[in-house]
Structures are given as structure tokens and as C-alpha cells.
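Take a look at the letters that make up each chain.
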Amino acid sequence: MSKKVGQICPLIKTPIFPSFPPGDDRIQRITFDHDFTDDSDIETFPKGMRLYGNGHSIEIRELEDSAGFAYLSVSRTLRKGQIGSDVLHLHDTYGADQTPLYWYGGPELMEQYYPIEKLRFDDYPYITKELHSAAIIERYWLSTAGVFFYVDKEVPLFLDQDDQVLRFSAKKELPYYTYDEEFVFNYRIGVAADAREAHQKAVERVLNQPVDIPDERMVRQPIWSTWVRYRRPISQQTVLEFAREINAYGFKNAQLDIDDLWEVCYGSLTFNTITFPNVTEMTETLREMGFRVTLWVHPFINKNCDPWYTEALSKGYLVKSHNETIGYNTKWWNSGENEASYINFNNPDAVEWYRRRLRELQELGIDNFKFDAGETSWAPADPDIEGPTALLPSSQTVNFVRMCAAFGGMIEIRTGWGTQDLPVFVRMLDFDTRWGWNNGLQSLVPTLLQMNLNGYPFVLPDMIGGNVYGDDILTKELFIRWLEASVFMPSIQFSKTPWDIDEESVTISKKFAELHETYADYIIQRMRLAVSHGTPVNPPIWWLDPTDKIAQTIYDEYLLGEDIVVAPVLAEFATARDIYLPKGTWRDGNTNRVHEGGRWIYNYTAPMDTLPYFVSATFQLN
């Protein structure tokens, strides 16, 4: 076994492999929690070894050892009642100069720290969930040392994390399927020259890459939604008036999304004819005005929504629980406790029933859909559903989003688990209208980077300005800064409008919508590279030089491709900021001044109508 593989193999108290000599520079340390001791038996075999001790065995197998890359698996079979628990040491150092480690990946979260060492977990079941906005939960972690970890999908995984370690535990407990007697705890480790190379290897081996790009018009022109501006309920008149205003103020559109409470009742997938008396006439009028029309839909049926609920229940189309006292009961944000059920997308007949009803809506002139929810946590506890038991319950998410993706590239979804191959926009979960880290504007860039580094490059930011929930107040400054931060992301989405604020906001918003459209061809080019090469559309700035220790920790800047550095102002009342330019020669997008990278620009002046961004000196816009 090569020296490189030996260097990353897990440690008990002493190195396992003779090729890992005392004093050698350690790349990464993993500790087996309690299964083994120094007296454990070791059995070697070609390209691997087994450890025996304390009633357990573990196999470490070399999968690949090619030039510049080493890849191995760590695996053991456990019985129900046993716990496998290995510890990843987050704050090791590496290299001759004892460089500190930084980590990326993990779940999408409401408090999206980047790098991720500040995250905290306590016996955290690693499934898609609405709690904490954990809609994307790829089992993937990447370090600046060029090491990645990937825990296999079949593992019933729980996380613990503090300021020193990330513990992976495998155990047969809820919310996972608990009715089989054996399970496998398996993860893979890859080591490359640096973080960029390691990530590219991970995309090839475990993360996949998209098979195509989503709808191009959604890239070029803003999406408009009724949600924040009108809430619920809405009407045909509301939608038409909104469209007329958008046109009157001279804005373009990718589509107009009709959001919450257009239905007779939640889950009917049938227009309320009182509020929408003639849907076909409405969609024809909108099309004449230059709009495509999308419709907000969800995977729930409220129990008072008949005859649709009774039909779904009688045909077995709803998720039920193994616990009969829970039955088909669930709660979502538009129902009370136990007043709704979740459609079972693991059931092919239920999928076809749901899909047919959406096709009937399209016959009325609806172009496509905004698919909400889909996380595992909306189902009843201990769900009794179809599918490979080792993938439960998160296979519900997978089957839901794959059903959604069958409607083509004009849709949006908000959740994912091993679905990076889908050619659709994945929306960030609802942001609050605030400045800070707690689901506010400062979380926007870290969430963009997290999604890209988990293999989801087609990111749809949430509404400009957030969702204005509760007592939140959308100020002019927050609206403009939010728009600026989104300009070089793949798409822009409005609901609260610039003319809701003032005329200057209209002027500034047009300026930045046009700037986004100016670079749309380049965004699409980078999206196509994500398809062909698996590269992020919006990488972190260390992507240009993975050894740059300063760039490794920058959380409030991002790249578009490899030619544009974006450094938005994200602090309230700020009219200047410090900017770190990565390796390269950069032209200021506002002043045309040329700067050499690998250094700071201090106190860059950026009044409210200015977005700091820099373009590679060799870049030419087609």
C-alpha cells in the first residue's frame, strides 16, 4: 500500500501502516471511537487490511492509487443495537509548516457558516429536513488538505460536531428504517494534491454532475413571484395587475409565478373558480404580455380537501406510519397538527396520479411549476413506504424531486439528496429579511458556496430582500444590497418590487438586472462546463489557488466561473469594505483600474448603488 494511502488511514493510538513513520506529516486523522485497542488483531490482504477486536471487525480497502490521487473505503457490518462511531479531527494541521485545516460541505443550514468548523450538531440524524433549513444533506466533506470524506447513502448516519471533531455514527434508530437486523457502516476517503483536485475527483466518483442545464430564460431575465408582495390568498385580477406593473416599469421577465392559495383547498391541484374565474383567459393574456406562467405546488393534501383527500387515501397514495396511532397524519405550514397527509412518491401509482393532475393544469396554459417542500421530515414518524429499506426515509426526497424534474428545465425545487444530475434550478430555502448570519443576507454567499461544493451548481437564490416574515422590515438599503449580492449568481428572483420602495430603487434595480443579463452568456457557458466537467458555477475564491491560506477562509466573496470576483457589501450602513483578490490580474468592473491578486484592497468605496466586482484582465465578454 502506498505511502499516501498509509498517511490517511485511521489511527488507533499508533499508526496502522509501517509506511506512516513517526514524525511524518499527517494528512488527516480519524479515530475509531471504541471498537478497537492497540491489542486488536490485524489481518492484511492485497490492497487492504482488517482489524478485529471487541466483537467488531473493520475493513480498510484501497480502491485506487493513481498518480496524484489515493482512494480507499472503510467498512464494517453491524447488527441492530450496535453503534459504529468514527471521529474526524477537524483541527489537525498538515504539511511541513503545520498549516491549519479548513472544512467545507455538509448540510445546507439556516446558519450557514463557511468554512464549517463553527457548526454544532448533537446526535443529529442526517436526513433532509425542514428544521434548520437542512434541505440538502450530501454526505460529503472536503478539507483544504485535499482530502474528502463521503459516507455511503445506505448508512443510518448521525452527526455530532464540536469545535474539535466531527463524529460520524451509524445506528439503527429512527428516523431511519429500524426493522432489519444488519446494516453496513461504510465511507470513502479520497486524497489529492489540493482541495480543487480532491473535489473534482469526488464529483467523478461520488457526487455526479448535471446531465444538462436548466431553462436559459430563467438565467437571462428575472423571475417574478406573487409570494412576498401579496401573500395569500391571491386572485386572477392580482396576477394580471402584477404583470402590468412589471411591464409598465420596464422590467423583463423569465416567468411569473402564482404562489400560495390559488387552489380550492390545499392538495386539490384545482383552481378556485371564485378567485380565478377563467384561468385559460388569464394565461393567454399573460402570454400576450410576454409572460410565461408557473404555479406553486406542494406534496401535501389537507384532510378537509375532498374529494381529493379521500381518493388519495382510498388508493394508498399517502405516506403512512408503521405506528397505527400516527397513521397518515402530518403537519406542514398550511395545516394544523395531524390535519394533513404527505403524498407517497415512493409509490409509482401515486406519482402518476400526481403527475396527471399537473398535466391537466398545463392544459389551462400553465407553463410549469415551482415545487416546494419535499424534505423527509414532513412524513409521519417511522414511515411505512416502498423502496430499498437502507435508503429510507430519504428516498422520499429523491423520488419527489425526480418526479419534479420530469417536467423539464423550467421548474425549481428546493431539496436534494444525490440528485446533482438533475438539470433544474435548486432554490435556497426561505431567507428572513435581516442582515445577519441567522438566515439573513450574510448567509447568502455561504449558502451559494455550500451548494456549489456539494455538487449543486444551478442555484436559485431566494427572493431579493428575503421573505419579510413576522416583524422583519425590508429597508431600501437591504433590498439593494441583496440584489447586488445576487447579480452574478445563476438567476435573480423578485417578489417585493423596486417600485414598492421608491423611484431610485427602480433605477438601481434596472441597472443590476441589466448587468446580470450582460453576463448571462458567460453564466450559461459556466453552466455547460458544470455539465461537461463537473465544475462549480460559483466557486469559492480559493478555487483559483487552493493553497492560498487567506482565500480558504473568505466567506463573503465568490467567483463566477474563473473570471469574475464578486465582493458584495453585506453589512448595514456600510459604504466601503475590504476585498481580498485571489491569484491573477484583475480589472475593477466599476473603475477599470487593474490590480494584481493575492492581496487585499482595503476600504474599497462602495456606496449603496455600487457592487464591487473584478473581471480577469484576459477575459472578453462575447
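All values derive from a computational prediction rather than experimental measurement.

Draft legend 1. Quick look at the sheet that holds strand S10 (residues 121-125). In space, the five strands of this open sheet follow the order S1-S6-S14-S13-S10, with antiparallel pairing throughout. With partners counted over all chains shown, the strands left at the sheet margins are strand S1 (30-32) and S10, one partner each. Here the strands of the sheet are splayed against their neighbours by 20 degrees on average, with no regard to which way each runs. Sheet analysis places strand S6 (residues 84-89) next to strand S14 (residues 165-170), joined by six bridges and oriented antiparallel. Within the sheet, the bridge partner assigned to Val87 lies in S14 and is Arg167.

Draft legend 2. Molecular detail of the domain arrangement of the protein chain. Looking at the assigned domains, one finds that the protein chain contains domain 1 (8-206), domain 2 (216-300 + 346-528) and domain 3 (541-616). Listed per partner, the contact involves 30 residues of domain 1 and 35 residues of domain 2. Across the domain 1/domain 2 interface, buried area totals approximately 3,000 Å², and carbon plus sulfur atoms make up 60% of it. Its largest share of buried area at the contact with domain 2, domain 1 owes to Gln112, Ile136 and Glu138, together 19% of the area lost on that side. Across the domain 1-domain 2 interface, the total number found is zero salt bridges. Viewed at the interface, domain 2 and domain 1 are joined by 16 residue pairs in polar contact (both at pLDDT 80 or more). Class assignment of the residues belonging to the side of domain 1 that touches domain 2 gives a composition of 15 nonpolar, six polar and nine charged.

Draft legend 3. Molecular detail of helix H13 (residues 520-533). With 14 residues, H13 extends 19 Å from end C-alpha to end C-alpha; this agrees with the ideal 20 Å at 1.5 Å per step. Three or more residues of H13 are buried, namely Ala520, Tyr522, Ile523, Ile524, Arg526, Met527 and Ala530. Of the surrounding secondary structure, the elements contacted by the buried residues of H13 are helix H3 (217-220), strand S25 (425-427), helix H12 (503-518), strand S28 (558-560) and strand S29 (564-566).

Cut-offs and rules
- Each chain carries its own residue numbering, running from 1 in the direction its sequence is written.
- The predicted nature of this model means local features are confined to residues of pLDDT at least 70 and side-chain atom pairs, given and counted, to a pLDDT of 80 or more, with totals for whole chains, interfaces and linings taken over all residues.
- Excluded from the side-chain calculation are hydrogens and water; included are all heavy atoms of the structure.
- One bridge is not enough; two strands pair if DSSP finds at least two bridges between them.
- Only DSSP runs of H or I covering at least 4 residues are called helices, and only runs of E covering at least 2 are called strands; the numbering of each starts at the N terminus.
- To get an axis, fit a line to the C-alpha atoms, keeping to the stretch in contact for a helix; angles then go from 0 to 180 degrees between the N-to-C directions.
- Where each domain starts and ends follows an automatic or database-derived domain assignment.
- Two residues qualify as a contact provided that any one of their heavy atoms is within 4.5 Å of a heavy atom in the partner residue.
- Summed over both partners, the accessible area (1.4 Å probe) lost when two parts come together is defined as the buried area.
- We define a salt bridge as a side-chain nitrogen of Lys or Arg found within 4 Å of a carboxyl oxygen belonging to Asp or Glu.
- Any N or O atom pair separated by 3.5 Å or less is treated as a polar contact, with the protein-specific requirement of one donor-capable and one acceptor-capable atom, and with residues adjacent in sequence counted only for side-chain atom pairs.
- For this scheme, ten residues count as nonpolar: Ala, Val, Leu, Ile, Met, Phe, Trp, Tyr, Cys and Pro. Four count as charged, namely Asp, Glu, Lys and Arg, and the remainder, Gly too, count as polar.
- In this scheme, a helix's expected span is set at 1.5 Å multiplied by one less than its residue total.
- Only protein chains enter the accessibility calculation, which uses a 1.4 Å probe. A residue is then buried if its area is under 20% of the maximum for its type, exposed if over 50%, and partly exposed in between.

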